[in-house]
Amino acid sequence: MQADLLVINGLLWTGEPETPAREGWAIAAKAGRIIFTGPAVDAPSAARTIDCSGRLVTPGLVDCHTHIVHAGNRANEWRMRLEGASYEEVARAGGGIVSTVKAVRAASEDELVRQSLPRLDALIGEGATTVEIKSGYGLDAENEAKMLRAARRLGQLRPVTIRTTHLGAHAMPPGATDKDAYIADVIERQLPLAHREGSADAVDAFTEGIAFSVGQTRRVFAAAKALGLPVKIHAEQLSNLGGAAMAAGEFAALSADHIEYLDEAGIAAMRAAGTVAVLLPGAFYFIKEKQKPPVAALRAAGVPIAVATDCNPGSSPLTSLLLAINMACTLFGLTPEEALAGVTRNGANALGLGSECGTLGSGKWCDLAIWEVAEPAELAYRIGFNPLWKRVWRGNA
C-alpha cells in the first residue's frame, strides 16, 4: 500500500511508555492516520516525504486544560496585586472573575473568536495539535453556550483538534448568592442547552471553598453522566475537600486538575479509576502558590501525570506549552521525559483521546511536531525559545 506521507531520517520519540527515542525509524500515514511506525527499511513508499535530517520527531503536543476563549484581560488587577492590593480590594475595584464575565457577556460570538485566535495561534506555533477549551465565564445558559460555540469555531478556522468542556460550575454569576440555586441552573438549563447544541465534549466543575462543594459538584456530575458526558474536575488547588476522590471514585473522571493539596485517598481513587493528574504550573507560578502537588506520591502510585497551560486571564495568562513543561520540571520536579509525556500521551488521555492521538502508533492521527533539537530533554530545558521546525496535523504539514 502506498502511503500519503512518509517521515524519515528523524530521531523518533513515539511517546509510548518506557520507549526511548529511536534513530533510523520512519512514520507513514494515509488518510491522515498512521499506518506504519518502525525501521525505515520496512516503510512503504509515499506520495510525499519529509526528510527530518536528524531532527527530533514527537507526537503533536496536547494542551488538555485551557480557558483560551474569553474577552478582555486582567492586567490591571495583576498590577494592583503587585502593588499590594488584597483580593477584596481588587474585587471592589471591578476586578476578579466578575470582570471577565462582564466582558464575555458583552462580546459577540464573533468577537470571542477574534480575541481568542491569537492565543490558539501561539499554542499551534509551538507544536500543539490538540487543545481543550473550557467555558466558565458566561455563567448562564446563553453565554456558556456562546463560549462553547466560539471554541468549536476555532477548530474550523485552524488545523487543530479542539475538545470543549462545559464549566458552568466555575464561579457564582454577578449578583447571585445562592449556590444551590445556581447549581440547579447549571443542571436544568445550561447543560441541557449545551447537550442539545452538541457543543460540549465533557463537563467540569471547580470544587473549592471559594467555588462549589463536593456535594454540589456531585449533582453536576450526575447530570453530566445522565447526558452521556464524561467529567473532569478542578480540585484540591487551595485546600483538600476530597473532590478528586469523589470525581474519580464515583464518576471515573477523565482528570483531576491542579491537585496541589491532593491526599493519599485521592491518589488511590485516581489510580483505581485511571484518572489523569493534570499539573498546572502556570497558575502555581502566577498566583505565587507554595503548596506543590504530590508528584512523588503520584509517581509511586502509577497515576498518569499530564501538564497543561491553564491559559486564562486571571491566574495563568500562559500560552506556551514549552514553558509549561519547563515549569513542571523546575517547580514540581518532573523529569523532562515525564513532562513531555504530560503534553502528549497523558494529555491525550486526560481528554479521553488516548486512542486517537498522543503517541505515534498505527491507527492514531498523524499529528507530529518536528524539532530542531538533538534530544527530548532540550524541549524542557530552554526558556523563551521555540525550536519547532515543522508541525503535521492529521497528515498535513
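1. A few points about helix 5 (residues 141-157)
Right, so step 1: Look at helix 5: 25 Å from first C-alpha to last across 17 residues, which is about the 24 Å you get at 1.5 Å a residue.
Right, so step 2: The set of residues buried in helix 5 consists of Ala-141, Asn-143, Glu-144, Ala-145, Lys-146, Met-147, Leu-148, Ala-150, Ala-151 and Leu-154.

2. A word on the pattern of salt bridges
Pairing between side chains of opposite charge can happen when the charged atoms of each approach one another.
Right, so step 1: Applying the stated criterion across every chain yields a total of 23 salt bridges.
Right, so step 2: Among the salt bridges present, the one from Glu-142 reaches Arg-189, with a minimum N-O distance of 3.0 Å. One end of the pair, Glu-142, is in helix 5; the other, Arg-189, is in helix 6 (residues 179-197), with 47 residues separating them in the sequence.
Right, so step 3: Relative accessible area serves as the criterion here: at 38%, Arg-189 is assigned to the partly exposed category.
Right, so step 4: With a closest N to O distance of 2.8 Å, Glu-250 and Arg-218 form a salt bridge. Linking Glu-250 in helix 8 (residues 243-251) with Arg-218 in helix 7 (residues 214-226), this pair joins segments that are 32 residues apart in sequence.
Right, so step 5: What makes Arg-218 partly exposed here is its relative accessible area of 32%.
Right, so step 6: Overlapping salt bridges bring together Glu-109, Asp-110, Arg-149, Arg-153 and Glu-197 as one network.

3. Points about the side chain of His-70
Right, so step 1: As for its position among the elements, His-70 is in the loop between strand 6 (61-63) and helix 1 (75-82).
Right, so step 2: Judged by relative accessible area, His-70 falls into the buried class, the value being 3%.
Right, so step 3: Within polar-contact distance, the side chain of His-70 engages the backbone oxygen of His-67 at 2.9 Å.
Right, so step 4: Contact partners of His-70, with chain neighbours within four places excluded, come to Thr-100, Val-104, Leu-112, Gln-115, Ser-116, Arg-119, Tyr-137, Asn-312 and Pro-313.

4. Some thoughts on the packing of aromatic side chains
Right, so step 1: Tallied over the full model, the rule gives four aromatic pairs.
Right, so step 2: When the ring of Tyr-182 is compared with that of Phe-212, the centres are 6.1 Å apart and the planes differ by 25°; the resulting orientation is stacked. Here Phe-212 lies in the loop between strand 9 (202-207) and helix 7 and Tyr-182 lies in helix 6, a separation of 30 residues in the sequence. There is no split in this pair, since Tyr-182 and Phe-212 are both buried.
Right, so step 3: If you follow Lys-179 out to its NZ or CZ, it ends over the ring of Phe-212, 5.9 Å from the centre.
Right, so step 4: Taking the ring centre of Trp-389 as reference, the NZ or CZ of Lys-390 above it sits at 5.0 Å.

5. Looking at unusual backbone geometry
Right, so step 1: One non-glycine residue, Leu-139, adopts positive backbone phi at about 60°.
Right, so step 2: Turning to its location among the elements, Leu-139 is positioned in the loop between strand 7 (128-134) and helix 5.
Right, so step 3: At Arg-394, a residue that is not glycine, the phi angle is positive and equals roughly 50°.
Right, so step 4: As for its placement among the helices and strands, Arg-394 is situated in the segment after strand 15 (388-392).
Right, so step 5: Judged by its relative accessible area of 25%, Arg-394 is partly exposed.

6. Remarks on the sheet that holds strand 9
Right, so step 1: Strand order in the open sheet formed by eight strands is 6-7-8-9-10-11-12-13, and the pairing between neighbours is parallel. Either end of the sheet is taken by a strand with one partner, and the two such strands are strand 6 and strand 13 (305-307). For this sheet, the mean angle separating the axes of adjacent strands, direction not counted, is 25°.
Right, so step 2: Note: strand 9 against strand 10 (residues 232-235), two bridges, orientation parallel. The partner of Phe-206 across the bridge, within strand 10, is His-234.

7. Digging into the side chain of Lys-134
Right, so step 1: Mapped onto the elements, Lys-134 comes out in strand 7.
Right, so step 2: For Lys-134, the side chain forms a polar contact with the side chain of Asp-204, separated by 2.8 Å.
Right, so step 3: Lys-134 has contacts with His-65, Thr-66, His-67, Met-147, Thr-165, Leu-167, Asp-204, Lys-232 and His-234, leaving out every residue within four places of it along the chain.

8. Let's talk about the environment of His-166
Right, so step 1: Mapping His-166 onto the fold places it in strand 8 (residues 161-169).
Right, so step 2: Remark: the alpha-carbon pair of His-166 and Gly-209, spanning 43 residues in sequence, is separated by 20 Å.
Right, so step 3: Excluding anything up to four places from it in sequence, His-166 contacts Ser-135, Glu-144, Leu-148, Val-186, Gln-190, Leu-191, Ala-194, Ala-200, Ala-202, Val-203 and Asp-204.
Right, so step 4: Within the local environment of His-166, its side chain forms a polar contact with the backbone nitrogen of Gly-168, the two atoms lying 3.1 Å apart.

9. Some thoughts on the packing of helix 7 against helix 8
Right, so step 1: Here helix 7 crosses helix 8 at 30°, and the two axes come no closer than 10 Å. Put simply, helix 7 runs roughly parallel to helix 8. Here helix 7 runs over helix 8; the crossing is right-handed. Residues Val-214, Thr-217, Arg-218, Phe-221, Ala-222 and Lys-225 of helix 7 form the contact with helix 8, whose participating residues are Gly-243, Met-246, Ala-247, Glu-250 and Phe-251.

About the thresholds
- All residue numbers refer to positions counted from 1 along the written sequence of the respective chain.
- Totals for whole chains, interfaces and linings use every residue, but because this is a predicted model, local features are given only for residues with pLDDT of at least 70 and side-chain atom pairs only at 80 or more, for both listing and counting.
- Note: side-chain values were computed over all heavy atoms of the structure, leaving out hydrogens and water.
- The helix and strand labels rest on DSSP assignments: H or I over at least four residues marks a helix, E over at least two residues marks a strand, and numbering proceeds from the N terminus.
- Here a helix's expected span is defined as the number of its residues, less one, multiplied by 1.5 Å.
- Relative accessibility under 20% of the residue-type maximum defines a buried residue, over 50% an exposed one, and the middle range a partly exposed one, all with a 1.4 Å probe and only protein chains included.
- Whenever Lys or Arg places a side-chain nitrogen within 4 Å of a carboxyl oxygen from Asp or Glu, that contact is recorded as a salt bridge.
- Whenever a nitrogen or oxygen atom comes within 3.5 Å of another N or O atom, the pair is scored as a polar contact, on the condition that within protein one atom can donate a hydrogen and the other can accept it, and that pairs from neighbouring residues in sequence are kept only if both atoms are in side chains.
- In this analysis, two residues are considered to be in contact whenever any of their non-hydrogen atoms come within 4.5 Å of each other.
- Ring pairs shown here join Phe, Tyr and Trp side chains whose ring centres sit within 6.5 Å, with only the six-membered ring taken for Trp; geometry is labelled stacked below 30 degrees between planes, edge-to-face above 60, and tilted in between.
- Placement of a charge over a ring requires the Lys NZ or Arg CZ to be within 6 Å of the ring centre, with the centre-to-atom vector within 35 degrees of the ring normal.
- Pairing between strands requires that DSSP locate at least two bridges from one strand to the other.
- Helix axes are fitted to C-alpha atoms over the stretch in contact, other axes to C-alpha atoms as well, and angles between N-to-C directions run from 0 to 180 degrees.
- Any angle between 65 and 115 degrees counts as roughly perpendicular, while under 35 counts as roughly parallel, over 145 as roughly antiparallel, and the rest as oblique.
- Helix crossings get a hand from a simple test, with the near helix turned counterclockwise from the far one by less than a right angle marking a left-handed crossing and a clockwise turn marking a right-handed one.

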